[in-house]
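Residues per chain, in single letters:
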Amino acid sequence: MKEPIVELLGISPEDARASLRAFFKARNEAEFRTKQVEEWLFDRHARSFNEMTNLPSNLQVELGNEFSLTELESTYVARSSDGTVKHLWRLDDGERVESVLIPTKDRLTLCLSSQVGCALGCQFCATGHFGFRRQLRPAEIVAQYSNSSRVALHDFERPITNIVYMGMGEPLANLDSVINSLNTLHRGFRKGARRITISTVGLVPGILKLAQRPEPFELAISLHAPLHELRLELMPIEKRYPLPDLFEALRSFQRQKKRRISFEYTLIDGVNDEPKLARALADIARGLTCFVNLIPFNPIPAISEWRASSPSKIARFSEVLTERGIQNAVRRPRGRDIAAACGQLRLARKAAVSVNKKEGL
Ligand code: SAH
Ligand code: SF4
């Protein structure tokens, strides 16, 4: 029986090397062929084996019979006036996920997806609203990086410097695939662990597992409310892992990793932006070395009437945190004009498609 095709971006870089070595050895090819393929894969972001022009064409064909490079098809690209570029990628079964390139003066950050949809149903999140479809394979996570790298070099003439797992899905609910993808990004593509951030809604077992990793990956926690009742209203996960359990896990993470932890706090007008909540946040974060990112809510018109808090309300919230010794920054929303918040483009495209259908287009 024919062996299934191996996705080179979906296995560890060490396994990829061993598989390639075995492949070339079986054909009496020299060892350096493995290095050549690795260079095409990890340094030159090859789209196909045919591009590997320093390999004879018969080897290109034979490689393609045994291995795949997991190409994603870009079905939609949106470019924001602020430079943000968002891709909607079509997967081999027709599902779609998004990734976003966010340029700043000295960084080019890729925000990538870890699942198709998300099961966790946070009230303020477009991805949460359309529910869970399926897990992403490790290679589908990494392929967002390799495909986006080509765009980065072409459009921005510089490589991606930072990676954040803040697109669609909850990374720690797809932990094995996410860990595999981290291995390939870190040890294959040689992205520094300090430049890779995993953002989670607060799945305690996953946080404890990440704490055991030797690499200093960054951890960001989607907090959004410092009190149980309010957090439960916004984020159903609060029922399974309430704040005291989450913070115990974070303290344990910090004891092991000695790393600063980030919190994400999306400010929604009249919902979670009162100064007393900033005081409560400072209270629960006491003793942790942390940084709070304050993010104006990105409205999701099709789903809710919530709006972003006013700049003065956000400034006040920030002040209260600062007065209480909690480092924080207000983040500028990026790519608003292209629906760059988590899950929004897929949703917007879906709406556009159903309108077109209704109009018989
Ligand atoms: N599931 C993970 C990572 C993906 S969400 C998590 O929840 O952390 C990435 C970030 O976008 C999270 O901090 C999430 O709370 C935030 N987010 C989701 N919808 C948003 C919206 N409409 N406006 C602003 N931030 C949003
Ligand atoms: Fe899922 Fe994160 Fe959205 Fe919550 S915020 S629904 S965990 S993707």
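Being a predicted model, the structure only gives us computed values, none of them experimental. (Residues numbered from 1 in each chain as written. Chains lettered and ligands numbered in written order. Predicted model: local features only at pLDDT ≥ 70, side-chain atom pairs only at ≥ 80, totals over all residues. Heavy atoms only, no water.)

Draft legend 1. Focus on the packing of aromatic side chains. Tallied over the full model, the rule gives seven aromatic pairs. Centre to centre, the rings of Phe247 and Phe263 are 5.5 Å apart; their planes meet at 20°, and the pair counts as stacked. Residue Phe247 is located in helix 10 (residues 243–257), and its partner Phe263 is located in strand 12 (residues 261–267); the two are separated by 16 residues in the primary sequence. For Phe263, a relative accessible area of 0% corresponds to the buried category. Measuring from centroid to centroid gives 4.9 Å for Tyr265 and Phe317, while their planes differ by 35°, and the two rings are tilted. Here Phe317 lies in helix 12 (residues 311–323) and Tyr265 lies in strand 12, a separation of 52 residues in the sequence. Summarising the burial analysis for this pair, Tyr265 and Phe317 share the class buried. Three or more aromatic residues joined by ring pairs make a cluster, and in this case those are Phe23, Phe24 and Phe67. Arg27 extends its terminal NZ or CZ atom over the ring of Phe23, reaching a point 3.8 Å from the ring centre. A cation over an aromatic ring shows up here: Arg44 above the ring of Trp40, its NZ or CZ 3.9 Å from the ring centre. (Phe/Tyr/Trp six-rings, centres within 6.5 Å; stacked < 30°, edge-to-face > 60°. Helix = DSSP H or I, 4+ residues; strand = E, 2+ residues; numbered from the N terminus. Buried < 20%, exposed > 50% of the residue type's maximum accessible area, 1.4 Å probe, protein only. Lys NZ or Arg CZ within 6 Å of the ring centre and 35° of its normal.)

Draft legend 2. The site of ligand 2, seen in detail. Inspection of the region around ligand 2 gives ten residues, with Cys118, Cys122, Cys125, Gly128 and Val201 positioned closest. In terms of residue class, the shell around ligand 2 is made up of six nonpolar, three polar and one charged. (Near = heavy atom within 4 Å. Nonpolar A, V, L, I, M, F, W, Y, C, P; charged D, E, K, R; others polar.)

Draft legend 3. Main features of the confidence of the model for the protein. In this model, the protein carries a mean pLDDT of 92, and residues with pLDDT of at least 70 account for 93%. This model gives residues 350–361 a pLDDT under 50, and the stretch forms one contact once residues within four places in sequence are excluded. (pLDDT = per-residue confidence, 0-100. Contact = heavy atoms within 4.5 Å.)

Draft legend 4. Summary view of the sheet that holds strand 11 (residues 218–222). Spatially, the ten strands line up as an open sheet ordered 3-4-5-6-9-10-11-12-13-14, and their pairing is mixed. In this open sheet, the two strands that pair with only one neighbour each are strand 3 (73–79) and strand 14 (327–330). For this sheet, the mean inter-axis angle between neighbouring strands, taken without regard to orientation, is 20°. Of the strands in this sheet, strand 12, strand 13 (290–296) and strand 14 are in contact with helix 12, which crosses strand 13 at around 170°. (Pairing = 2+ DSSP bridges. Axes fitted to C-alpha atoms, helices over the stretch in contact; angles between N-to-C directions.)

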